[in-house]
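Observations on the model geometry
As a plain string of letters, each chain reads:
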Amino acid sequence: MSAIKKRALIVIDVQNEYFTGNLPIEYPNPQESVTNVGVAMDAARANGIPVIVVQQTVPVDSPLFAIDSHGWQLHPVVASRPHDHYVRKTLPSAYPETDLAQWLKSNDIDTLTVVGYMTHNCDGSTINHALHNGTAVEFLHDASGTVPYLNQAGYASAKDIHRVFSVVLQSRFAAVISTQAWVDSIRSSAEPVRDSIYKSNQRARGLLQDDVTLRAAEISWAKDSHKDSQ
């Protein structure tokens, strides 16, 4: 029971801008990911886990998240559900210039479960900030998502950004799991699997063989078989 009391779910920037505005989420499927956000919020409420809702806010003349605009408004999945704390932020991380750290400390929270948008930006920034503050983190990869980029450094698809950031986060910064796996874990009090930079690199170099490398090989084989059958 104490483990449940020490966990909080933080719902980051689930706002209309990502669905009907100027920054549409492309991967994972936004309708599926926002549904999972709702599932996580419902599971948190049912299991006594406090919910923090975060809302990105910028000046009225901004093309994204302009205060009081439709894009700035919380998505109905979040707006229609109760929460225990609200944070309005102007930077990627939910920590700077807010009372988030103080609220977590006053509520004895030692584990932060992250959902929302975007994987590489506000999610990643908040996760890094939490880790450096001594808070354990869980990231629900199918209750988040991202967009593609093309800039002076090159091009990256939304799928590639989400996949790479999820792999990097699992190597050190968070336990990266699905929404259903998280729901099962809080019901059973089981701890999500965490990894390390050392093991992640050892596997990539072929120097460590374990259940993770076996599953990766099975997935690769299945993909190759599917291609051959087409």
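Residues numbered from 1 in each chain as written. Predicted model: local features only at pLDDT ≥ 70, side-chain atom pairs only at ≥ 80, totals over all residues. Heavy atoms only, no water.

Helix α7 (residues 179-188) packs onto helix α2 (residues 30-46) with a crossing angle of 5° between their chain directions and a minimal axis gap of 10 Å. Considering their axes alone, α2 and α7 lie roughly parallel with respect to each other. Across the interface between the two elements, Asn36, Val39, Ala40, Ala43 and Ala44 of α2 pack against Thr179, Trp182, Val183 and Ile186 of α7. For the contact of α2 with α7, a count of residues per class yields seven nonpolar, two polar and no charged. (Axes fitted to C-alpha atoms, helices over the stretch in contact; angles between N-to-C directions. Helix = DSSP H or I, 4+ residues; strand = E, 2+ residues; numbered from the N terminus. Parallel < 35°, antiparallel > 145°, perpendicular 65-115°, else oblique. Contact = heavy atoms within 4.5 Å. Nonpolar A, V, L, I, M, F, W, Y, C, P; charged D, E, K, R; others polar.)

Within the largest apolar cluster, 31 residues are counted, with the highest numbers of intra-cluster contacts made by Leu9, Val11 and Trp182. Counting residues per element, the ones that place at least two in this core are β1 (7-12), α2, β2 (51-56), α3 (76-79), β4 (111-117), β5 (136-145) and α7. Among the elements that take part in this core, α2 stands out by supplying six residues, more than any other. Those residues within four positions of Val11 in sequence are excluded, and the remaining contacts are Val37, Met41, Val51, Ile52, Val53, Val54, Val78 and Val115. Membership of the second largest hydrophobic core comes to 22 residues, among which are Ala8, Ala94, Tyr95 and Leu104. (Core = buried A, V, L, I, M, F, W, Y, C linked by side-chain atoms within 4.5 Å. Buried < 20%, exposed > 50% of the residue type's maximum accessible area, 1.4 Å probe, protein only.)

Before going further, it helps to spend a moment on unusual backbone geometry. With an omega of -15°, the peptide bond between Tyr27 and Pro28 qualifies as cis. Secondary-structure assignment places Pro28 in the loop between β1 and α2. The residue after Tyr117, namely Met118, is reached through a cis peptide bond having omega -15°. In this structure, Met118 sits in the loop between β4 and α5 (119-132). The phi dihedral of Phe65 falls on the positive side, at around 55°, and the residue is not glycine. Within the secondary structure, Phe65 sits in the loop between β2 and α3. Positive phi values are uncommon outside glycine, yet Glu97 reaches one of about 60°. Residue position: Glu97 is located in the loop between β3 (85-89) and α4 (100-106).

Evaluation of the coordinates by the stated rule reveals seven salt bridges. A salt bridge links Asp84 to Arg45; its shortest N-O distance comes to 3.3 Å. Remark: Arg45 occurs in helix α2 and Asp84 occurs in the loop between α3 and β3; sequence separation between them is 39 residues. By relative accessible area, Asp84 is classed as partly exposed at 37%. Accessibility expressed as a relative area gives 37% for Arg45, which makes it partly exposed. With a shortest N-O distance of 3.9 Å, Arg163 and Asp160 are connected by a salt bridge. (Salt bridge = Lys/Arg side-chain N within 4 Å of Asp/Glu carboxyl O.)

Right, let's get into the sheet that holds β5. The strand order across the open sheet built from six strands is β3-β2-β1-β4-β5-β8, with neighbouring strands paired in parallel fashion. Edge positions in the sheet fall to β3 and β8 (175-177), since each has one partner strand and no second. On average, each strand axis in the sheet is inclined to that of its neighbour by 20°, with strand direction left out of account. For β1 and β2, the ladder comprises four bridges, and the chain directions are parallel. Bridging from a neighbouring strand, Leu9 pairs with Val51 of β2. Packing against the sheet, α7 makes contact with β1, β4, β5 and β8, and its axis sits at approximately 140° to β5. (Pairing = 2+ DSSP bridges.)

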